[in-house]
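# Structure assessment
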Amino acid sequence: MTTATTSLTRRSNRFAYVLIAPAALCFALFLAIPILYAIFISFRREIVVGLGLGEGGRTEIWAGLGNYTAVLSDPEFLASAGRVLLYGCVLVPVMLGLALLFALLLDSRRARVRSFARIAIFLPYAVPAVISSVLWGFLYLPGTSPFHHIADALGGGLPDVLSPSLVLLAIANIGIWGGTGFNMVVLYTSLKSVPSELYEAATLDGCTEIQIATRIKVPMILPSLIMTAVFSIIATLQVFAEPMLLRPLTNSISTTWSPLMRIYRDAFIQNDIYIASAGSVLVALATFVISFGFLRLVRGQAFAQEER
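Since we're looking at a predicted model, the values are computed, not measured.

### Things to note about the overall build of the protein chain
A tally of regular secondary structure across the protein chain gives 14 helices and two strands. Taking 19 Å as the expected radius of gyration for a compact globule of 308 residues, we find that the protein chain reaches 26 Å, considerably beyond that expectation. Summarising its shape, the C-alpha atoms of the protein chain cover approximately 90 × 85 × 30 Å along the three principal directions. Looking at the 308 residues of the protein chain, the share that counts as buried comes to 35%. Relative to all contacts within the protein chain whose residues are 6 or more apart in sequence, the contacts with residues 24 or more apart total 66%. With an accessible surface of roughly 18,400 Å², the protein chain has 69% of that area assigned to carbon and sulfur atoms. Between the averaged position of the 21 positive side-chain charges in the protein chain and that of its 17 negative side-chain charges there is a distance of 8 Å.

### A closer look at unusual backbone geometry
Backbone geometry places Asn271, a non-glycine residue, at a positive phi of 55 degrees. Position of Asn271 among the secondary structure elements: in the loop between α12 (259-269) and α13 (273-302).

### As for empty space enclosed by the protein
Evaluated as defined, the whole model comprises one cavity of 30 Å³ or more. Looking at the largest cavity, the residues that line it are Met244, Arg247, Thr255, Met261, Tyr264, Arg265 and Ile269. Of the residues contributing to the lining of the largest cavity, the split by class is four nonpolar, one polar and two charged.

### Digging into the side chain of Ser133
Along the chain, Ser133 falls in helix α5 (residues 129-140). The residues touching Ser133, leaving out its near neighbours within four places in the chain, are Ile174, Ala241, Glu242, Leu245 and Leu246.

### A few points about the layout of surface pockets
By volume, the largest pocket amounts to about 470 Å³. In terms of lining residues, the largest pocket is bounded by 26 residues, among which Gly175, Gly178, Gly179, Ala235 and Glu242 are the most central. Looking at the lining of the largest pocket, the elements with two or more residues in it are α3 (75-107), α4 (114-126), α5, α7 (167-192), α10 (222-237) and α11 (241-246). If one sorts the elements of the lining of the largest pocket by residue count, α7 sits on top with seven residues. Residue composition of the lining of the largest pocket, by class: 16 nonpolar, nine polar and one charged. Computed from the structure, the second largest pocket encloses a volume of approximately 240 Å³. Elements represented by at least two residues in the lining of the second largest pocket include exactly α3 and α13. A breakdown of the residues in the lining of the second largest pocket according to their chemical character gives twelve nonpolar, one polar and no charged.

### Section: a nonpolar patch on the surface
On the surface, Phe27, Leu31, Ile35, Leu36 and Ile39 cluster together to form a nonpolar patch covering roughly 470 Å² of accessible area. Looking at the element boundaries, Phe27 is found in helix α1 (residues 3-41). Exposure remark for Phe27: the relative accessible area of 49% places this residue in the partly exposed category.

### A short note on the nonpolar core
Core analysis: the biggest nonpolar cluster contains 25 residues, and Tyr87, Tyr140, Ile171, Ile253 and Trp257 have the highest contact counts within it. Where this core is concerned, the elements lending two or more residues are α3, α5, α7 and α10. With seven residues, the single largest contributor to this core is α7. Core analysis: the next-biggest nonpolar cluster, separate from the first, contains 23 residues, Ala99, Leu104, Ala202 and Ile221 among them.

### Some points on the UniProt feature "transmembrane region" (unreviewed entry) in the protein chain
With numbering aligned to this structure, UniProt lists the feature "transmembrane region" (unreviewed entry) at residues 15-43, 84-107, 119-141, 161-188, 220-241 and 273-298. In the segment residues 15-43, helix accounts for 93% and strand for 0%; the C-alpha atoms at its two ends are 41 Å apart.

### A few points about the environment of Gly97
Among the structural elements, Gly97 can be located in helix α3. Distance from Gly97 to Val167, taken between C-alpha atoms, is 22 Å for residues 70 residues apart in sequence.

Rules of the game
- Residues numbered from 1 in each chain as written.
- Predicted model: local features only at pLDDT ≥ 70, side-chain atom pairs only at ≥ 80, totals over all residues.
- Heavy atoms only, no water.
- Helix = DSSP H or I, 4+ residues; strand = E, 2+ residues; numbered from the N terminus.
- Rg over C-alpha atoms; globule rule 2.2 N^0.38 Å.
- Buried < 20%, exposed > 50% of the residue type's maximum accessible area, 1.4 Å probe, protein only.
- Contact = heavy atoms within 4.5 Å.
- Areas by Shrake-Rupley, 256 points an atom, 1.4 Å probe, with all protein chains shown as cover.
- Lys, Arg positive; Asp, Glu negative; His and termini not counted.
- Charge placed at Lys NZ, Arg CZ, Asp CG, Glu CD.
- 1 Å grid on protein atoms, 1.4 Å probe; cavity = no way out; pocket = protein on both sides within 12 Å on 5 of 7 lines; lining within 4 Å.
- Points joined across faces, edges and corners; volume = space filled by probe spheres on them.
- Nonpolar A, V, L, I, M, F, W, Y, C, P; charged D, E, K, R; others polar.
- Patch = residues over 30% accessible without salt bridge, like charges linked within 9 Å, V, L, I, M, F, W, Y side chains within 5 Å.
- Salt bridge = Lys/Arg side-chain N within 4 Å of Asp/Glu carboxyl O.
- Core = buried A, V, L, I, M, F, W, Y, C linked by side-chain atoms within 4.5 Å.
- UniProt positions renumbered as here; feature names shortened; annotations may be inferred.

Right under this line is the structure:
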């Protein structure tokens, strides 16, 4: 390699570093540093000195694992984690099942008005979670819901979905309504990349539409299905907006219904950022362990098709 080529390569490398510097700076300032700071203060706590008055009335000390022990021994935190796990067991299979069903129907040769159907199914995803939660909240309330008015006019009645026994399903319904469209688009796009020759060969062999869907289409898009499942699991563990916005409408949702709601209460209502930071780190670790554990469980089957 000549000296001129080496000099040009070095200048190109420096120019590349200049281009990525803004993104790296934003990553460090708004993601990496806040995460490290949250981890740091999760090992600290504040104590009162003397009467607790004046600038020296409170001071920070090293708490070790005390904050983590307090969080993990809190019955409210453990109950909220259990509710979110149950919420995920309802939301993830139903949402991905509907997304896969819609994607297969749209990819069928008999499908009509595909463009309209794709937009109609995807549109709820474009609605912000705040708006969709408020919208569904008023649809759930017996006093404002048209469904309750219609049922009363017909002489029947509908159950109160905001009651303690059904409120989890009410929250899951909002997530399913908003997330099915996005996952459907991902799976449908993956289906469009499957070679049509496979379908033609299967049709010549006498396979029906259902057999083609179950024996060819679903195995071929299994990596995309696994990817959407991982994203859905992560979103499930971080559920916050839906229960938080429905809480003023019912007494069935407490301030600690989900782990993130408890963290919000600790940080911004009780002004205990140390316990809140420890809870945040635990939620992040749980998200990492569950999502990557799920990937390890299914990766052999999921990517076998690609290796072939």
